Amino acid sequence: MSQEKKNIKPKTISKKVRAPRVSRVRQADPFFEREKEKYENPLPSREYVLQILADTARPMTGEELIAQLDIKPEEIDHFARRIFAMEREGQLMRNRAGDYIIPNKADLVKGRVEGHADGFGFLVPDDGSDDMFLGPRAMREVMHGDKILVRAMGVDQRGRREAKVIEVLERANTQVIGRVMVEQGVVFIQPENRRISNQILLASDTTRTPPAAGQIVTVMITQQPSAHSQAIGRIVQTLGNYADPGMEIEIALRKHDLPFEFSAEGQAEAKKLPDAVRKKDWTPGREDIRHLPLVTIDGETARDFDDAVYCEKQGKGYRLIVAIADVSHYVTPGSALDADALRRGTSVYFPRRVIPMLPEKLSNGLCSLNPQVERLCMVCDMDIGPLGVIKKYRFYPAVMYSHARLTYNKVAAALYEKDTALRNELVDLLPHLGHLDELFRVLLKARAKRGAIDFETVETKMVFDDNGKIERIVPEHRNDAHRLIEECMLAANVCASNYLQESGQASLYRIHEGPTEEKLGRLREFLGEFGITLAGGEKPKAGDFAKVVAQIKERPDAQLIQTVMLRSLQQAVYSPDNVGHFGLAYDAYTHFTSPIRRYPDLLVHRAIKAVLSKKPYVPNAGPVELLMDTRRKRGKPGRDGKPARGNARDKQQREVVETPPVPEKAKKTGIWEEIGVHCSQTERRADEASRDVETWLKCFYMQDRIGEEYEGSITSVTSFGIFVTLDDLFVEGLVHISELGKDYFHHDEARHELLGERTGERYRLSDRVRVQVVRVDLETRKIDFKLLEGVERETTRTGKTERDRAKAKPEVAVPAAEPAPAGKQKQKPVREHAKPKRLLPPPEAELVRPSRSASTLPARPAILDDDDDGVVSWRKLAGLPDRKGPHAIAAEVVGKREPRGSSAGAKSRSAPPPGRSESHSDSRSSGKTPTSKSAPKPKAKPKAKPKAPAKVLAKATAAQPKVTPAAPRTASTVKTTARKPVASKGGRRG
């Protein structure tokens, strides 16, 4: 035995002797311990490689790096993989000699390309510095979304930093949807995404029938563009003709990279699920509430029912039960269904079609709280006092039985209109509905006391014909039944956020921060024009906004003021860091009530179950890697509020090898942060896709109405014109600045108006005008109007700011001109800031100003959120980056000038707002040009008439009719004809 021990010991010692020894150079790596935890044989960290290059202070060859870092021969392949990954990330690059250099040392800037429809683009640097201009030549070798390295090449004529492309790090586009174009026998694809200006040549394919011009196809890019060649691709799918029914949705799905097909694994998992609740689903702790008369209240067209409600009197207070579909019981972490739901992030609602987050078997069947069937649910059981204060609550899983599927209109008719037939039909449920209504009134008072903001809006509904095109657009008003359900959902969401916060369980909160300092200053200046004061100092609360809303409720210009207030607020996002919800005036708020159609709600359900079972919950790392497939950029969103694009598959592959280990606590927080950014992005993506489809449908609807005249209201004022929404059609279009009159118009962003320099003519938000439809472009989704009459406004500004201006700039009459020569007429004195011409008042029956659709409001960030029941409220008008300010509506509704590369928020970029590109505003003679000054233009000497033969001249003079001299035309009287916009060679992003 002793001999055996002697034999073992030497072996052990010899093994230790043969163990690889780490050199002092490698041990000097500041991140050596981190690498050692991850790899059995740790390599030099990325930071150490960069440090060695920086200390050397010169380019180094690969052999020099290997020698300097003491890389063993068996480690070279693994080290080369790390160096290649650093090149892809832009941390390293090779110069023409093949040596490795640090881009920052070579004055190179890494960033993401944002293309423009006119052929130029911008680089949005990763370091947050000012954007750099990329000319048309530079854009030939890159596409929108590509990651590149550039070098600054000076400043262009507009004072913008101009860049030259040095290297393309990552390609963002592998497949593109576009239209087949044929010119002189050459077949190419014009991408539907206007930011991709590159035309893609089609490679010859003998196996496929040549496509016809005008067809919509999906192209796989086989050769990316370069400085010397165009992109080349091959068709992988032919969708059909451009005007085919439903084609607008097919285009939007692919244009916005929306996952619209479930994976084979996900479909297989859904197929295995039962059609009804089984006895084995009655897990321990699941309560039976089938005896309670719970009901669902949704819209007429709803098919997935997330929530059911029940209310009963309890002394002076109430017991409110909100039962939510228990999706987390069927969609488990790490499953294929979970991965598919994470990719989608949310359901997408198009006119006449829905792209659900979950397969139909779940969304419309097993998870939907359909009437007269048993369903699994998560319950929030609340005791609410007589003043609307939630005294206590508890969460628990349960089995429920929906007693009725009700609609908003049906409930409103039974409760408020006292419809006898409906009351007889719902006789057994009326007492409970009555208690719900009583509680609703109590919660409304609590809401007002809390100071939540509540803007009054009207939604619109599209009515379609048999061909899937719009027949008419009608207003759709929210009744008290909508608000009743909304208040119940808000109460449950608040309880969920408080429950998770008190337990210490990480989760996703729905956060909404207050207005920025800059926007707050502009809003106060604007309100001062009307003598309105916003209290609260530097950090006003939601209650201060609510007081202003209540103050202006009866004013005729309430819509104007409300719209400007709405645009001053930021957008709501998902985040694990709870900072409260400004618009709703909650210290903590989350989404709990719609797990069928929102992934964050599903995560909240899992977190609550984890607290109930006293086990911590962290989302699986596996599904989080799938974020690379839908997210455009890891980490925080870009400065335009939207994550940047990137190559998903390449990122995912190298992260598996190169992602360094992090502490467990940071890892947990990072996962929640990743999912929060992803879900915020998918929400915006869904909104953009839906608006894109609605815009195309409205353009198609208006193409037969060219030449018709309508009255409308100005719903957005930009530096290049005004956007007008028609009263009866709820469609928006642009009146270009060149159509406003012979004057230089200056844009006042704070006052939301265009002011004529010579005539004093003003066009401001909410003014009433009469316009004519002159152009509809289906390809660019744009509608142009011509101004016929204007403007009529509800009120005149009389606030302190306006009075101060009047004192500073007294009315000055222009001295009378000298007696005019024959054939001319004296000009009347022109007063500065002259009162604009008004329309004649409408007939008595039309004195009440019609309500405008929610689509006429700015598509600003969603601040008070949707009401969790599938009904879109004004809160879902959000989704665009807050930097767009008063121009956001241009990218929102029909007639919008589709943002030609207008998603970024560069500080130095003096770009026109989304809606119409600078090329439109610069290409017309009227309106302010880049060279125009604030002073009036001096009178030019009349040009000499060209000489002509005496006979011809006499004949021409005799043929001219005699006319009576007319007064000079002003901006309010001149009528101009529509002119086709001419694209300029370069310009700012629109």
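The structure we're discussing is the one just above.
Residues numbered from 1 in each chain as written. Predicted model: local features only at pLDDT ≥ 70, side-chain atom pairs only at ≥ 80, totals over all residues. Heavy atoms only, no water.

Student: Honestly, the pattern of salt bridges in this entry has me stumped. Any pointers?
Tutor: This model, assessed by the stated rule, comprises 52 salt bridges. Across the salt bridge formed by Arg-319 and Asp-381, the nearest N and O atoms sit 2.7 Å from each other. Note that Arg-319 is positioned in strand S16 (residues 317–325) and Asp-381 in strand S19 (residues 374–384), a separation of 62 residues in sequence. Here Arg-598 makes a salt bridge to Asp-601, at a shortest N to O gap of 2.9 Å. The class for Arg-598 is buried, based on a relative accessible area of 5%. (Salt bridge = Lys/Arg side-chain N within 4 Å of Asp/Glu carboxyl O. Helix = DSSP H or I, 4+ residues; strand = E, 2+ residues; numbered from the N terminus. Buried < 20%, exposed > 50% of the residue type's maximum accessible area, 1.4 Å probe, protein only.)

Student: Explain the environment of Ala-535 here, please?
Tutor: Along the chain, Ala-535 turns up in the loop between helix H16 (517–528) and helix H17 (542–551). Along the sequence, Ala-535 and Val-548 sit 13 residues apart, while their C-alpha atoms lie 9.0 Å from each other. Each residue touching Ala-535, except ones within four places of it in the same chain, is listed here: Arg-524, Pro-540 and Asp-544. (Contact = heavy atoms within 4.5 Å.)

Student: What is the right way to read the sheet that holds strand S29 (residues 745–748) from this model?
Tutor: Two pairing modes exist for strands in a sheet, parallel and antiparallel, and in both the strands are linked by backbone hydrogen bonds. In space, the three strands of this open sheet follow the order S29-S30-S31, with antiparallel pairing throughout. Both outer strands of the open sheet, S29 and strand S31 (762–764), are each paired with one neighbouring strand and no more. Across the sheet, the mean angle separating the axes of adjacent strands is 15° when strand polarity is ignored. Two elements, strand S30 (residues 753–756) and S31, share three bridges in a ladder whose sense is antiparallel. (Pairing = 2+ DSSP bridges. Axes fitted to C-alpha atoms, helices over the stretch in contact; angles between N-to-C directions.)

Student: What should I look at first to understand unusual backbone geometry in this one?
Tutor: Peptide bonds are mostly trans, and most non-glycine residues show a negative phi. At Ala-57, a residue that is not glycine, the phi angle is positive and equals roughly 65°. Taking relative accessible area as the criterion, Ala-57 reaches 66% and is therefore assigned exposed. The phi torsion at Lys-614 lies on the positive side, around 60°, for a residue other than glycine. Mapping Lys-614 onto the fold places it in the loop between helix H19 (599–612) and helix H20 (621–624). The exposure class of Lys-614 is exposed, given its relative accessible area of 78%.

Student: Got a minute to help me understand H17 in this structure?
Tutor: Every α-helix winds through 3.6 residues per turn, so residues three or four apart in the chain are directed the same way. When you tally the buried positions in H17, you get seven out of 10 residues, the bulk of the element. When H17 is considered as a whole, its buried residues turn out to be Ala-542, Gly-543, Asp-544, Phe-545, Ala-546, Val-548 and Val-549.

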